[in-house]
Every structure is written in C-alpha cells, then in structure tokens.
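Chain and residue survey
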Amino acid sequence: MILLHGRAARNSIWNRGAQQRRRSTAEYVGRVYDFHRDNPVLVRLFFWEGLHYRDGVLPNEERRRGHCEEKIAVLAGHFGTEASPKIAACLLSLIGLAAWPNAVPQLARLIIGTDTEGLDLRSHVVAFARQALSGTAAPAPVATAADSPEA
C-alpha cells in the first residue's frame, strides 16, 4: 500500500511540474525539495528499489520512463533546445540537488551542523540551482594563507 502511495505521490509532482511550465526551473527544484521533505518515504523507497532491482527491469519501467522523458522535454524547452542525454543528466542533477538533503538528513547534519541559524537550506538549494542554470560562475573563494599547502 505504501508503495502505491509513493508512486501516486511521485506521479503527482511530476505531472504538476509539467503543467506549470511557466515557473522557473529553479523553483521546480524548490518544489522537489519540499516534496521530499514532506514525503521522506518516497526517496527511501527509491533507495530500496535500487538495492533490490539493481540493473534489472523495474516495475512499470516503460510508463515511468515516459514520465521522465516528459520532464526532460520540459527542461529542454526551458533551455530552448531538444531533449538530449546532457539535458537528462541536468534533470537528474537537479532532482539530486533537491532530494539529497532530505534523503540523508544525517549527512546534512554532519556537514552543516546543528547551529543553522540564518540558513534556509531550501532557499540555498533554489538559489544554487538558479545560479547553476544561469550559466554564470559563482565568485571564486578567496584563498587565505591557511589554504596554502605550506601552511
């Protein structure tokens, strides 16, 4: 029953994203973040599915692939290009960016810590996606003497 709920929930977010083409791709990343924050069971089911099936055929694989191809086409449209493996890899990266903090909250806690005052991780993820998609580079960090290999 929980697996069916997970699939229905997944289909809901995929379809909602396709219907809202006018929203920015970065905001889509925010919605995926929200979805996985609010439904942590789905990403865990994906993990278990990956462990169980490995490279084998997934249940409803063709239908699920169709949903993914729709998303790839929408993203390609946002870039003004055709669907391609590069666009598909970009979609996978965006979903990973949004889902990973909620998939492994212990890793987020280990890296970020528990004192997160002033940090809105969702806003950070959306801003990061927006900047990555804009094609502009982030400002380079300033090297300090402590960063030097001789230090």
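For the structure itself, consult the block above.
Below, the structure is looked at part by part. (Residues numbered from 1 in each chain as written. Predicted model: local features only at pLDDT ≥ 70, side-chain atom pairs only at ≥ 80, totals over all residues. Heavy atoms only, no water.)

Attention shifts here to the pattern of salt bridges. Under the definition given, this model contains eight salt bridges. Between Arg130 and Glu27 there is a salt bridge, with its nearest N and O atoms 3.3 Å apart. A residue pair is termed long-range when its members are at least 10 positions apart, and Arg130 in helix H7 (residues 121-134) and Glu27 in helix H2 (residues 25-38) qualify at 103 residues. With relative accessibility at 42%, the residue Arg130 sits in the partly exposed group. (Salt bridge = Lys/Arg side-chain N within 4 Å of Asp/Glu carboxyl O. Helix = DSSP H or I, 4+ residues; strand = E, 2+ residues; numbered from the N terminus. Buried < 20%, exposed > 50% of the residue type's maximum accessible area, 1.4 Å probe, protein only.)

Right, let's talk about unusual backbone geometry for a bit. With phi around 50°, Arg54 is a residue other than glycine that occupies positive phi space. With a phi close to 55°, Asn60 is a non-glycine residue in the positive phi region. Here Asn60 lies in the loop between helix H3 (40-53) and helix H4 (61-79).

A few words now on H3. The end-to-end C-alpha distance of H3 is 20 Å, a good match for the 20 Å that 14 residues give at a rise of 1.5 Å each. Among the residues of H3, those classed as buried are Leu42, Val43 and Glu49. Looking straight down H3, one finds its buried side chains confined to an arc of 110°; they lie on one side. Residues Trp48 and His52 are exposed on H3 and point more than 90 degrees away from its buried face. Where H3 terminates, the next one or two residues include Arg54, which has phi positive at roughly 50°. (Expected span 1.5 Å × (residues − 1). Arc of directions from axis to C-beta.)

Turning next to the packing of helix H5 (residues 85-103) against H7. Relative orientation of the contacting elements H5 and H7 amounts to 165°, with a least axis distance of 10 Å. Comparing their axes, H7 and H5 come out roughly antiparallel. Crossing of H5 against H7: the hand is right-handed. Residue-level contacts link Cys90, Leu94, Leu97, Ala98 and Pro101 of H5 to Leu121, Val125, Phe128, Ala129 and Leu133 of H7. Split into classes, the residues belonging to the contact of H5 with H7 amount to 10 nonpolar, no polar and no charged. (Axes fitted to C-alpha atoms, helices over the stretch in contact; angles between N-to-C directions. Parallel < 35°, antiparallel > 145°, perpendicular 65-115°, else oblique. Left-handed = near helix turned anticlockwise from the far one by under 90°. Contact = heavy atoms within 4.5 Å. Nonpolar A, V, L, I, M, F, W, Y, C, P; charged D, E, K, R; others polar.)

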